[in-house]
Structures are given as structure tokens and as C-alpha cells.
Amino acid sequence: MTYILLTKIHIVFDCVFVFTVFTGSSAVTPVFVQKGKDVTLDVMKDGFHEDDIVFWRFNTSSVIVRFLPGKEPVVTEVYTGRVEFPQKKYSVTLKNLQESDSGVYTAQLIGNEEQIVAEHKVTVQVSPVKLTVDSVSSSSDSCNLTVTCSTQDSDITSRVTCDTTTCHQEGGESSKVTTSGASLRLYLVNSTINCNHSNQVSWTKDTKETGQTCPLMTGKNKR
Ligand SMILES: *[C@@H]1O[C@H](CO)[C@@H](O)[C@H](O)[C@H]1NC(C)=O
Ligand SMILES: *[C@@H]1O[C@H](CO)[C@@H](O)[C@H](O)[C@H]1NC(C)=O
Ligand SMILES: *[C@@H]1O[C@H](CO)[C@@H](O)[C@H](O)[C@H]1NC(C)=O
Ligand SMILES: *[C@@H]1O[C@H](CO)[C@@H](O)[C@H](O)[C@H]1NC(C)=O
């Protein structure tokens, strides 16, 4: 299952964020951002010293910004104009995210000893979640749909059967944890099929009315 390295444990206890999850051997915060939107990344530690140095890195190699004691933060050339600094100390806001910005963002503290004080796995999503109807078979008194809810890294399929008054989902609500640690839920509320993609920080959803694909659900029989 999940192995937690001893060296990482103190980082976890330093965290004020309850939504830290374990993936593999480290504490990484999964963050989903819609393409073109901004994301604010915080460090997960309090009690910095005056002369601490903090570097934000992307995918462990390229440096985004350097915070040096008593100076304005220094933004690396390729990130010029794309980084803003919110009030919170050492936080950064990255603007207008593109797919190529997907990856791991780490904050490295260089003080008395080196320490990773934040690790965020950012996934930039083009279309956060999409619900599609794969097949429909309908007769005068029933209508059956196969629907798929998908995100970039996962999907879930379910069958919905309707008679002239109600619909139900075979096997009930269906859910799945995606490879990036989010959860995908496909469920029915009355005659509306819902797909909700969520993690601890955000959620998005797509819906479909069964009445739009099942003609028999229209008119006086619609509920
Ligand atoms: C950053 O790392 C992720 C995996 O963690 C990878 O999918 C992505 O392609 C990398 N991006 C760049 C620009 O190197
Ligand atoms: C829909 O599924 C139900 C139960 O599986 C079945 O009885 C019915 O004939 C199906 N209707 C159509 C139009 O395929
Ligand atoms: C679902 O149907 C019930 C009973 O008809 C109604 O009270 C409820 O408001 C409906 N829920 C939604 C989300 O439309
Ligand atoms: C989607 O799921 C999240 C997490 O369970 C929840 O907070 C949110 O209210 C849900 N959204 C809808 C529209 O049901």
C-alpha cells in the first residue's frame, strides 16, 4: 500500500492543511486548475526566520522565484509577468495556466537546514469533467442509456434505465478514485444524471437531463 518515508513525517505534522494526502512516498497536495485560470500555492509551514531563503521550483529543476531575505522576490525570466505575490508570506500566484504548467511545484527552504515546505501536484485541465451518452435504446415504455463520465486521467461508466415516470441507475451511485487522487462520482438525482469530479480543494460537475435523450420522458410524464 502506501509507504511513508520517515523523513517526510515531520513535514506532514508541520502541515496546517488538512487536505494533504499521501501518494507514494511523499505528502503532495493535488490541485486541479482549469486552463487559463490562476492558482495560488502556499507553503505549509509557519515560523520562518528572518534570514530564510525560499525557492519555488517546477518539476524539481526549473526555478520560478527566489525569496531572499530583505529583498523583493526575484522571478525567473520565463515566468516574468505570470507570477503575483499574495499577502501570505512565500505564497505565489501563477497566472493563466496552460497544459504545459502541469507538474509538481515545490517550495524549498534553505535555512539552517534544507527542507521541502510545500509540494503541490498541479493538473491543468482543459475540460474538467465531461458526461457523455454512449448509447441509447428506447421503446414506447422504457429507455436505457449508457453514460460515461470522464476526466483527463479517469472515467466511469454506468447504465441508467427509465420507464415512463422514473429513472434509476443500475447498481446505484458509482464512484472511483482517479490516479491523481481525486474522486469521480456518477449519480442520478430524479431524472438528471450528474457527474462530480472533486478533490479536497475544488470540484466541477457536468450534468445531463435524461429527458433530452429519452423522448418518452418528455411531456406530462416528465418528472
Ligand atoms: C512535469 O512533470 C510532470 C510529471 O510530474 C510531467 O507530466 C510534465 O510533462 C513535466 N512538465 C515539464 C514541462 O517538464
Ligand atoms: C431497458 O432495460 C430493461 C431492464 O434491463 C429492459 O427490460 C428493457 O426492455 C430495456 N428497454 C429497451 C428499450 O432496451
Ligand atoms: C427530485 O424530486 C423530488 C420529488 O419529486 C423533489 O422534491 C426534489 O426537489 C427533486 N430534486 C431535484 C434536485 O430536482
Ligand atoms: C461535488 O462533490 C463535492 C465533494 O464531495 C461536494 O463538496 C460538492 O458539493 C459536490 N457538488 C455537487 C453539485 O453535488
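Reading the values: the criteria
- Residues numbered from 1 in each chain as written.
- Chains lettered and ligands numbered in written order.
- Predicted model: local features only at pLDDT ≥ 70, side-chain atom pairs only at ≥ 80, totals over all residues.
- Heavy atoms only, no water.
- pLDDT = per-residue confidence, 0-100.
- Contact = heavy atoms within 4.5 Å.
- Helix = DSSP H or I, 4+ residues; strand = E, 2+ residues; numbered from the N terminus.
- Buried < 20%, exposed > 50% of the residue type's maximum accessible area, 1.4 Å probe, protein only.
- Lys, Arg positive; Asp, Glu negative; His and termini not counted.
- Salt bridge = Lys/Arg side-chain N within 4 Å of Asp/Glu carboxyl O.
- Polar contact = N/O pair within 3.5 Å; in protein donor to acceptor, adjacent residues only side chain to side chain.
- Pairing = 2+ DSSP bridges.
- Disulfide = S-S within 2.5 Å.

A. Structural view of the confidence of the model for the chain. Residues at a pLDDT of 70 or more form 83% of the chain, whose mean pLDDT is 83. Throughout residues 1-25 the model reports pLDDT below 50, and contacts reaching past four residues in sequence, or to other chains, amount to 34 contacts. This model gives residues 217-223 a pLDDT under 50, and the stretch forms 14 contacts once residues within four places in sequence are excluded.

B. The environment of T213, seen in detail. Its place among the elements puts T213 in helix α2 (residues 210-213). Assessed through its relative accessible area of 28%, T213 is described here as partly exposed. As a C-alpha pair, T213 and N144 span 69 residues in sequence and 9.7 Å in three-dimensional space.

C. Fine view of the side chain of D42. Counting through the fold element by element, D42 comes out in the loop between β3 (39-41) and β4 (53-58). It turns out D42 is buried and unbridged, and the closest side chain with the opposite charge, K88, is 4.7 Å from it. In terms of polar contacts, D42 uses its side chain to reach the side chain of S91, at 2.5 Å.

D. Structural view of the pairing of strand β17 (residues 192-198). When you tally the buried positions in β17, you get 6 out of 7 residues, the bulk of the element. Pairing of strand β16 (residues 183-189) with β17, which is carried by 7 bridges, proceeds in the antiparallel orientation. Within β17, the position partnered with Y187 by the bridge is N194. Once β16 ends, the chain turns through 2 residues before running back antiparallel as β17, passing N190 with a positive phi of about 55 degrees. Pairing of β17 with strand β18 (residues 203-209) involves 7 bridges; the strand directions are antiparallel. By the bridge assignment for β18, T192 is matched with E209.

E. Structural detail: the state of the cysteines. Tallying each qualifying case throughout the model produces 3 disulfides. With a sulfur-sulfur separation of 1.6 Å, C149 is cross-linked through a disulfide to C195. Note on the C149 and C195 pair: the S-S dihedral is about -65 degrees, so by sign convention the disulfide is left-handed. Note that C149 is positioned in strand β12 (residues 143-150) and C195 in strand β17, a separation of 46 residues in sequence. Looking at C149, the relative accessible area reads 0%, which means it is buried. Residue classification places C195 among the buried positions, given a relative accessible area of 0%. Disulfide partner of C162: C167, at an S-S distance of 2.1 Å. With the S-S dihedral at roughly 100 degrees, the linkage between C162 and C167 falls on the right-handed side. With respect to class, C162 is no different from C167; both count as buried. What connects to what in the chain, once the bonded cysteines are numbered by sequence position, is 1-6, 2-5, 3-4.

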